[in-house]
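Summary of structural features
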Amino acid sequence: MTLLRTILAFTIFVILAHLGLVYSGIDENLNGITSGIYSLGMLLEIPAEIVIDALPTSGEQRQSIEEGGTYFVGFAAAALYFILFLLLGIGRR
């Protein structure tokens, strides 16, 4: 369980680092670290994109999601992984 929780914490960190790089406008191809964080961050956000696209949303909600773009999907992904992180800790003594 501890290894899974560590992997989930690392996943959340990578997603938040990806969002920080996007927010600050740092180029994806600056060096190997930034290209790695960008590509791994986008890969880890795919499950959240699938869940968001599967939700029945109204036109206003869909427009709001599209305006948020990367940030909405990124924070949703971080929240989903955080919920999994918390669920793995329930019942531990």
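Rules used throughout
Residues numbered from 1 in each chain as written. Predicted model: local features only at pLDDT ≥ 70, side-chain atom pairs only at ≥ 80, totals over all residues. Heavy atoms only, no water. Helix = DSSP H or I, 4+ residues; strand = E, 2+ residues; numbered from the N terminus. Buried < 20%, exposed > 50% of the residue type's maximum accessible area, 1.4 Å probe, protein only. Contact = heavy atoms within 4.5 Å. Areas by Shrake-Rupley, 256 points an atom, 1.4 Å probe, with all protein chains shown as cover. Core = buried A, V, L, I, M, F, W, Y, C linked by side-chain atoms within 4.5 Å. Salt bridge = Lys/Arg side-chain N within 4 Å of Asp/Glu carboxyl O. Axes fitted to C-alpha atoms, helices over the stretch in contact; angles between N-to-C directions. Parallel < 35°, antiparallel > 145°, perpendicular 65-115°, else oblique. Left-handed = near helix turned anticlockwise from the far one by under 90°. Nonpolar A, V, L, I, M, F, W, Y, C, P; charged D, E, K, R; others polar.

Turning our eyes to something else, we now look at the overall build of the chain. Across its full length, the chain holds five helices and zero strands. Reading the helices (α) and strands (β) of the chain from amino to carboxyl end gives α-α-α-α-α. Overall, the chain is about 45 × 40 × 15 Å in size when its C-alpha atoms are taken along their principal axes. Out of the 93 residues in the chain, the part that is buried amounts to 26%. For the chain, the share of sequence-separated contacts (at least 6 apart) that also reach a separation of at least 24 residues comes to 67%. Of the roughly 6,400 Å² of accessible surface on the chain, a fraction of 68% belongs to carbon and sulfur atoms.

Attention now goes to the side chain of His18. Counting through the fold element by element, His18 comes out in helix α1 (residues 2–24). Judged by relative accessible area, His18 falls into the buried class, the value being 3%. Excluding residues within four positions of it along the chain, His18 makes contact with Ile37, Tyr38, Gly41, Met42, Glu45 and Thr70.

The biggest cluster of nonpolar side chains holds 14 residues, and the ones touching the most others in it are Ile15, Leu44, Ala77 and Tyr81. Elements with a contribution of two residues or more to this core: α1, α3 (46–54) and α5 (70–89). Setting aside its immediate chain neighbours within four residues, Leu44 contacts Thr11, Val14, Ile15, Ala77 and Tyr81.

Close approach of charged atoms allows side chains of opposite charge to pair. Enumeration over the complete set of coordinates arrives at one salt bridge. Here Arg62 makes a salt bridge to Asp53, at a shortest N to O gap of 3.5 Å. Residue Arg62 is classed as partly exposed on the basis of its relative accessible area, which comes to 22%. On the accessibility criterion, Asp53 (53% relative accessible area) is exposed.

To continue, consider the environment of Tyr23. In this fold, Tyr23 is placed in helix α1. Given the relative accessible area of 68%, Tyr23 is considered exposed.

Our focus in this paragraph is the packing of α3 against α5. One can describe the packing of α3 onto α5 by two numbers: an axis separation of 8 Å at closest approach and a directional angle of 105 degrees. Judged on the interaxial angle alone, α5 and α3 are roughly perpendicular. In this structure, α3 contributes Pro47, Ala48, Glu49 and Ile52 to the contact, and α5 contributes Phe72, Val73, Ala76, Ala77, Leu80 and Tyr81.

Now for the packing of α1 against helix α2 (residues 32–44). Between α1 and α2, the least distance of the axes is 8 Å, while the angle of their chain directions is 115 degrees. The crossing of α1 and α2 is left-handed. Contact with α1, carried on its side by Phe10, Thr11, Val14, Ile15, Ala17, His18, Leu21 and Val22, involves Thr34, Ile37, Tyr38, Leu40, Gly41, Met42 and Leu44 of α2 and no other residues of that element. For the contact of α1 with α2, the residue count by class is eleven nonpolar, four polar and no charged.

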